[in-house]
Amino acid sequence: MNSALHEDQMRVTSIPHRSTKMVIFSGVPLAKDSYKTNSGKYYVTIKADPDSIPVLPTLGQHWSVKGTRQIENMEMDDYVMQQHTYESPKHIECTLPETGEQLIRFVARESDFKGIGESKARALWQLLGKDFHATLRNDTPESRKRLTSILSDDSVEALFKGYAKYKNLAYCNWMSEHNIPASVQQRLLKHHGEASIEVIKDNPYALMGFGLSFSAIEDIIKVTDFKSDFAKDDPRRLSAALEIAIRKEIEKGHTYTTHANAPLSQQVTER
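What you see is a predicted model, and the numbers here were worked out from it, not measured in a lab.

Novice: Describe the environment of E101, listing the residues and the values that go with them.
Specialist: Relative to the assigned elements, E101 resides in helix α1 (residues 100-109). Of the residues examined, E101 reaches a relative accessible area of 27% and is grouped as partly exposed. It is 8.8 Å that separates the C-alpha atoms of E101 and W125, two residues lying 24 residues apart in sequence.

This is the structure in structure tokens:
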């Protein structure tokens, strides 16, 4: 078994394990920015906490991964293939294909786009071209009317419904890169939509309102590019510390408190 820092792009072909604590998915390696298989001599496996990745994997998705890999020889029928395994990788993101053949294969193979095979996917690309993502990000009567020239109403519905989970993918990838759990991401996106990243950049402590603890936010700030923007006496930090201290007193059934009885707030202001 070998260990090394490496990176791969892959298309998901199997998901052998899925639970609340761990998801394991495998796929064929792809040449960079291409739909073509990079090698037939190995396959890629990713093991990760579902809350640490931007979306749950499904067959046909494209993923890029970077980190330490484990390399093992696996016997498969009458031949041997290498398995390149990334466990809790340093960087991982789900990527939407941009070019014609990539998009055609993505739509045809992604199970969420029910009833849309390769011929319909190819017709979609001929109709929309580089406007594909922009059209599907905006579910309007005009967009639907344009699509009904080549798709049935049911297929148009399936297309928009299937694309919905990818609509905010760029934001989810950014938040995962900044160690924000997927469960928190979804609450934030539901409330702030496309403004979510600006909300976080302006005040990471706003994440407390979406289920992240004060200490978890502090940990995120320490290891990301936010750390240079937040002094220990930053009003946003002090306000968040006071808020969580008051919450804890309310949970105890108290209707008022003093500075001495709010230890977290006191610790933060004294640092």
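Novice: For the nonpolar core, give the residues involved together with the corresponding values.
Specialist: Residues W63 and L124 are the most contacted members of the largest nonpolar core, which totals 35 residues. Counting residues in each nonpolar core, the second largest holds 23 residues, with Y171, M175, I180 and F210 among its members.

Novice: Could you give an account of the pattern of salt bridges, with specific residues and numbers?
Specialist: Once the charged atoms of two side chains with opposite charge are near each other, the side chains can pair. This model, assessed by the stated rule, comprises six salt bridges. D139 is the salt-bridge partner of R144, the closest N and O atoms lying 2.7 Å from each other. Residue classification places R144 among the partly exposed residues on the basis of a relative accessible area of 25%. Measuring nitrogen to oxygen at the nearest pair gives 3.1 Å for the salt bridge that ties E157 to R144. Remark: R144 occurs in helix α4 (residues 141-147) and E157 occurs in helix α5 (residues 153-163); sequence separation between them is 13 residues. For E157, a relative accessible area of 41% corresponds to the partly exposed category. Connected via shared salt-bridge partners are E101, E118 and R122.

Novice: Explain a nonpolar patch on the surface residue by residue, including any values.
Specialist: Together, L242, I246 and I250 give the surface a local cluster of nonpolar side chains, amounting to about 270 Å² of exposed area. Among the secondary structure elements, I246 is positioned in helix α10 (residues 235-251). By relative accessible area, which is 39% here, I246 ends up partly exposed.

How each quantity is defined
Residues numbered from 1 in each chain as written. Predicted model: local features only at pLDDT ≥ 70, side-chain atom pairs only at ≥ 80, totals over all residues. Heavy atoms only, no water. Helix = DSSP H or I, 4+ residues; strand = E, 2+ residues; numbered from the N terminus. Buried < 20%, exposed > 50% of the residue type's maximum accessible area, 1.4 Å probe, protein only. Core = buried A, V, L, I, M, F, W, Y, C linked by side-chain atoms within 4.5 Å. Salt bridge = Lys/Arg side-chain N within 4 Å of Asp/Glu carboxyl O. Patch = residues over 30% accessible without salt bridge, like charges linked within 9 Å, V, L, I, M, F, W, Y side chains within 5 Å. Areas by Shrake-Rupley, 256 points an atom, 1.4 Å probe, with all protein chains shown as cover.

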